[in-house]
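Chain by chain, the residues:
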Amino acid sequence: MFTDERAASELLGFVLAFSLVVTTFAIYQSDVIPHQNKEAEIEYSAEAATELTQLQSTVGEVGSTGAPATSTLPAGPTYPDRALGINAQPPGGNLETTDRYGVELSGFETTDAQYWDGTARSYHTRLLQFAPNYNYYDGEERFYLANGVALKEAKDADYTHRLSGKVVDGDRIDLALLSGDLQRSGRSVDLSFSAVSSTTEYRTVEVTESPSPPNFAHVRVPTVRSQSAWDSVAASNANVDRVEVYCLGTTQPKAANCPDAPVGHAEIVFEQGTYKMRVSNVTVDQPTTPSATYLTMQPAGEVTENDGQTFLVTTRDRFGNPVSGVDVDLTKSGPGSLTTSSTTTSDDGRATFSVTGAKLGVTTVTASIDGGPPPEYKSASETVGTTTASGTLPMTVYASGQMRHGLDGLDSLVISEGMMVPTTEEDCLLIGDAGGLLGGLLGDVNCEDNPADTLQGQLRIDGNGNKIYRVVFVLVDTNRNGQMDGSDIKKVRIEQRKPGWDDSRKIFEGKLQNGRSKDALNFDGVDLLESGSYTSTKWEDCGVISCDWGGGDPYSSFSDLDLSQTEVVFVEHMAGRVTVNASST
């Protein structure tokens, strides 16, 4: 009897123990495993934000370098491995591109006004949308790649957080457009990105119109962000006047009842000023190469000894980026010869050509694509020897007789990158005390017996009303220590001559500051027509022999020089080598 009772007790203990194990396992399966898996899903949500940030960086890199790239997006969480218990099937996510939406850039001008002349330029883009799924985490979140910016949209679209990237950052506008059709789902999604139009270059553009309606400069892009989010963008950027967020294709403020919610468009309005702008286009499909839309041309070098000049042509697509392999036709009007009648742009969208034997200020060269205008931006023209975009005429002076045509007035005369040479007998006559050009001005310099390094020049400038000015500059390392310092000669003299005068008459002499004389020998340069360049100046100073001006014009400052119609700078004498930049008014 006792044996039967003992057996029954053991069986009951086993049943109770088994029930406890089953109950514990059931609790583990129904409570602990879901909780742990929910934690894994929450961790994945944070990881997904990082993955979208990396994806944004990849797309930006493709848009910059043009090199294709692949990326794998983990589209769902990974649950812990289990010896006991059973995990639910881990969920995946949905990745797709949205419909095409319009993009507009208006009010931006480049210096050459080729294509970018303030006219509105229109494009299309898509948003890349990623929606992860969860078994336990009530996230209901979406991630977007929009215009080069990675975004995370919280539950019910109450708030959209920027993860990385900016359309506007200070004075920089960086717009990354996306094209192609994509729709994939799963726990891991492979992506391929290729460049349609890419560049590392930010082009300088100007906004000249005020931000007031109707002609304000703006960038209009599709957006999932709210008005308050864009208000924060405007408040943090002094270059942005305001951002208005509307329903697509309307001026109705974006709200939940927009027909195409959650996508609207944001109109970013810019203040007047100078900006750096880049527009790139990346696709998730097979790329197509855009054709050249316009070209630009600029001098690629200074005028050569044979009155020639080299020019640089760049062909660009409608995004503003270089296009290679484009045939460019070349023509000219006026004297001279082209080195070729056509050229083809290289990998960087550039090509050079030259003209020789031209007449400076007269010969014009023209480069054209697609047969030329219309529209006007299909061609570009430059006149040989005319001013560059900065308004200066650079000329490397190394010999007497050189000439620069094409000026339209003169307001500065900068010498820079000077190279000194040992004095010659001619140089000694120029600077010596015995009747030289600057005799009595510089003092006794014995340079015949002991040569010193010098940089000397005489520049003839034809002014208004038959007035002729001669600008003479003389730098001499008199103490022969290899540098320009306080004891060296650094003189400038200006003379005037009129028809009927027997000789030129000195109207100015000055001594350059020590630092400015050194600037003449480096890239900084010194302006010979700027009073701040001198430690001492004298106007209408008497000559060595006489103070009789014989009715000469009165001068007391550089502004009294009559240079508004100056067209030519002629080199009468040169010892050494120097770059002369004559700036037009």
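Residues numbered from 1 in each chain as written. Predicted model: local features only at pLDDT ≥ 70, side-chain atom pairs only at ≥ 80, totals over all residues. Heavy atoms only, no water.

A. Just the sheet that holds strand β14 (residues 218-223), in detail. Taken in spatial order, the five strands line up as β4-β3-β14-β16-β15 in an open sheet, and their pairing is antiparallel. The open sheet has two free edges, formed respectively by β4 (121-125) and β15 (240-247), since each of these has just one partner strand. Averaged over all pairs of adjacent strands, the angle between strand axes in this sheet comes to 20°, irrespective of strand direction. Pairing geometry for β15 and strand β16 (residues 264-270), over seven bridges, is antiparallel. Counterpart to V245 in the pairing with β16 is A266. Where helix α2 (residues 227-235) meets the sheet, it contacts β14, β15 and β16, and its direction lies at approximately 165° from that of β15. (Pairing = 2+ DSSP bridges. Helix = DSSP H or I, 4+ residues; strand = E, 2+ residues; numbered from the N terminus. Axes fitted to C-alpha atoms, helices over the stretch in contact; angles between N-to-C directions. Contact = heavy atoms within 4.5 Å.)

B. Structural context of the environment of E244. Inspection of the secondary structure puts E244 in strand β15. Under the relative-accessibility criterion, E244 is labelled partly exposed at 28%. In contact with E244, not counting residues within four places along its chain, are Q227, H265, A266 and E267. (Buried < 20%, exposed > 50% of the residue type's maximum accessible area, 1.4 Å probe, protein only.)

C. Geometry of the pattern of salt bridges. Scanning the entire structure with this criterion turns up 15 salt bridges. With a shortest N-O distance of 3.8 Å, R121 and D117 are connected by a salt bridge. You can call R121 buried: its relative accessible area is 11%. We note a salt bridge from R242 to D241, for which the minimum N-O separation is 2.6 Å. (Salt bridge = Lys/Arg side-chain N within 4 Å of Asp/Glu carboxyl O.)

D. Looking closely at the side chain of E41. Topologically, E41 is positioned in helix α1 (residues 2-65). Among buried Asp, Glu, Lys and Arg side chains, E41 stands out as unpaired, with K38 the closest opposite charge at 8.0 Å. For E41, the residues in contact, after removing those within four places along its chain, are P77, Y79, P91, Y134, N135, Y136 and Y137. (Lys, Arg positive; Asp, Glu negative; His and termini not counted.)

E. Fine view of the confidence of the model for the protein chain. Averaged over every residue, the pLDDT of the protein chain is 82; residues scoring 70 or more account for 83%. Here residues 429-448 is modelled with pLDDT under 50, and outside its nearest four sequence neighbours on either side it reaches 44 contacts, counting other chains as well. A low-confidence stretch, residues 542-551 stays under pLDDT 50, and its non-local contacts, those more than four residues away or across chains, total eleven contacts. (pLDDT = per-residue confidence, 0-100.)

F. Quick peek at the packing of aromatic side chains. For the structure shown, the criterion picks out 17 aromatic pairs. With a centroid separation of 6.0 Å and an interplanar angle of 25°, the aromatic rings of Y534 and F558 are classed as stacked. Residue Y534 is located in strand β35 (residues 534-539), and its partner F558 is located in the loop between β35 and β36 (569-575); the two are separated by 24 residues in the primary sequence. Here Y534 falls in the buried class, since its relative accessible area comes to 6%. Between R172 and the ring centre of Y202, over which it is positioned, the NZ or CZ distance is 4.1 Å. A cation over a ring is seen here: R242 above F216, with NZ or CZ 5.0 Å from the ring centre. (Phe/Tyr/Trp six-rings, centres within 6.5 Å; stacked < 30°, edge-to-face > 60°. Lys NZ or Arg CZ within 6 Å of the ring centre and 35° of its normal.)

G. Structural context of the nonpolar core. Of all hydrophobic cores here, the largest spans 39 residues; its most connected members are L105, F108, L175 and F270. The residues touching F108, leaving out its near neighbours within four places in the chain, are W116, D117, G118, I173, V205, E206, V207, A217, H218, V219, F270 and M277. F473, L512, V569 and V580 belong to the second largest nonpolar core, which has 33 residues in total. (Core = buried A, V, L, I, M, F, W, Y, C linked by side-chain atoms within 4.5 Å.)

H. Structural detail: the environment of V526. Relative to the assigned elements, V526 resides in strand β34 (residues 526-527). Of the residues examined, V526 reaches a relative accessible area of 0% and is grouped as buried. As for V526 and S412, which are separated by 114 residues in sequence, their C-alpha atoms are 9.7 Å apart. Among residues more than four places away in sequence, those in contact with V526 are L413, V414, I415, L512, R516, D519, A520 and S533.

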